[in-house]
Amino acid sequence: MSFHDLHVQPEPLLLPNAWDAGSAIAFAAAGFPAVGTTSFGVNASTGRPDAGGASREATVALVHRLRSLPVYLTADIEDGYSDDPGEVAALVAGLGVAGVNLEDSADGRLVDPAIPAAKIRAIKAAAPDVFVNARVDSYWFHEDDTVEAVTARALTYAEAGADGFFVPGAADPATLEALVAAVPLPLNVLVVPGLSLGRLRDLGVRRVSTGSLPYRVAIDAAVDAAVAVRDGRPVPSATSYADMQQQLLDFARHADAG
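Residues numbered from 1 in each chain as written. Predicted model: local features only at pLDDT ≥ 70, side-chain atom pairs only at ≥ 80, totals over all residues. Heavy atoms only, no water.

With that settled, consider the overall build of the protein. Secondary structure assignment for the protein yields ten helices and eleven strands. In terms of C-alpha radius of gyration, the protein reaches 19 Å, essentially the compact-globule figure of 18 Å for 258 residues. Referenced to the eigenvectors of the C-alpha coordinate spread, the extents of the protein come out at roughly 55 × 40 × 35 Å. Out of the 258 residues in the protein, the part that is buried amounts to 45%. Sequence-distant contacts, at least 24 apart, represent 63% of the contacts inside the protein between residues at least 6 apart. Of the roughly 12000 Å² of accessible surface on the protein, a fraction of 57% belongs to carbon and sulfur atoms. (Helix = DSSP H or I, 4+ residues; strand = E, 2+ residues; numbered from the N terminus. Rg over C-alpha atoms; globule rule 2.2 N^0.38 Å. Buried < 20%, exposed > 50% of the residue type's maximum accessible area, 1.4 Å probe, protein only. Contact = heavy atoms within 4.5 Å. Areas by Shrake-Rupley, 256 points an atom, 1.4 Å probe, with all protein chains shown as cover.)

Once that is clear, we can look at the packing of helix H6 (residues 147-160) against helix H7 (residues 173-182). Closest axis-to-axis distance for the H6/H7 pair is 10 Å, and the angle between their directions is 35 degrees. Between H6 and H7 lies a crossing whose hand is right-handed. Taking contact as the criterion, the partners of Val147, Val150, Thr151 and Leu155 in H6 are, on H7, Thr175, Ala178, Leu179 and Ala182. Of the residues assigned to the contact of H6 with H7, the class counts are six nonpolar, two polar and no charged. (Axes fitted to C-alpha atoms, helices over the stretch in contact; angles between N-to-C directions. Left-handed = near helix turned anticlockwise from the far one by under 90°. Nonpolar A, V, L, I, M, F, W, Y, C, P; charged D, E, K, R; others polar.)

This part covers the pairing of strand E8 (residues 131-135). Burial runs high along E8: five of the five residues are buried. Of the two faces of E8, the one carrying Phe131, Asn133 and Arg135 and the one carrying Val132 and Ala134 are both buried. Pairing of E8 with strand E9 (residues 164-166) involves three bridges; the strand directions are parallel. Along E9, the bridge assignment pairs alanine 134 with phenylalanine 165. Between the parallel elements E8 and E9, the chain passes through H6 in a crossover that is right-handed. (Pairing = 2+ DSSP bridges. Right-handed = clockwise from strand over helix to strand, strands pointing away.)

Attention now goes to unusual backbone geometry. For tyrosine 81, which is not glycine, the phi torsion reads 65 degrees and is therefore positive. As for its placement among the helices and strands, tyrosine 81 is situated in the loop between strand E4 (72-76) and helix H4 (85-95).

Strand pairing in a sheet is mediated by backbone hydrogen bonds. Such pairs are either parallel or antiparallel. Spatial ordering of the open sheet is given by E1-E11-E10-E9-E8-E5-E4-E3-E2, a layout of nine strands whose pairing is parallel. Bordering the open sheet on either side are strand E1 (13-15) and strand E2 (17-18), each of which pairs with just one other strand. Where E4 and strand E5 (residues 99-103) come together, three bridges link them in parallel fashion. Residue pairing for E5: alanine 75 is matched across the bridge by valine 100.

Along the chain, the position of arginine 206 falls in the loop between helix H8 (197-203) and strand E11 (207-209). Those residues within four positions of arginine 206 in sequence are excluded, and the remaining contacts are His7, Val8, Gln9, Pro10, Glu11, Pro12, Leu13, Pro186, Leu187 and Arg201.

Shown next as structure tokens:
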């Protein structure tokens, strides 16, 4: 089953988003068929705020390290880290991943849809098998956040060759149904509190990403563990050191052999 095939199954593809090798290894060990990266988590793990292209070096290094995992990898490459479609295409072709997310915003604002469309065309010419998930940031930044405006952008990206479209911030069931009906591409959303995978499936959603949620939960859990020790509360349970060390040893052996 290809990465593309995972988007047309009876159930939506649940995509966990990793921020480092350890989190990606754990997601793969948990049985997820595909793992994405999260620009927020990758940036935060190096002490940088999200966006602005700061995740490029760390993301490239991370996906190159993870290519030996027995899962499909898709990379969050923000807006491609360049305004030059050729440079973006060369970057994607060199990543060796099954998919990428490409945003249609920069510096917290939407850009002319012709700009990401040109990048999509260049990516599909250079790496036709890579699943391009075109991210429409209208609801994320509350700019042109109507079904009509989002549909127009998504159709532009579909015409350019995108394989799916991602609308973070879209959470209203009627909005999701309308987008599914209007755009002939698999719809990807972030986890929507209050809407189960089954409900999202019924609305027509084909992919659900965790985004930075696991990173933020992990940080909260880490702080809570330290505070529990400090305050004399019961120490939370965790996977043993031995088990995690074995996961890392197994990964290192396969990665180094590759």
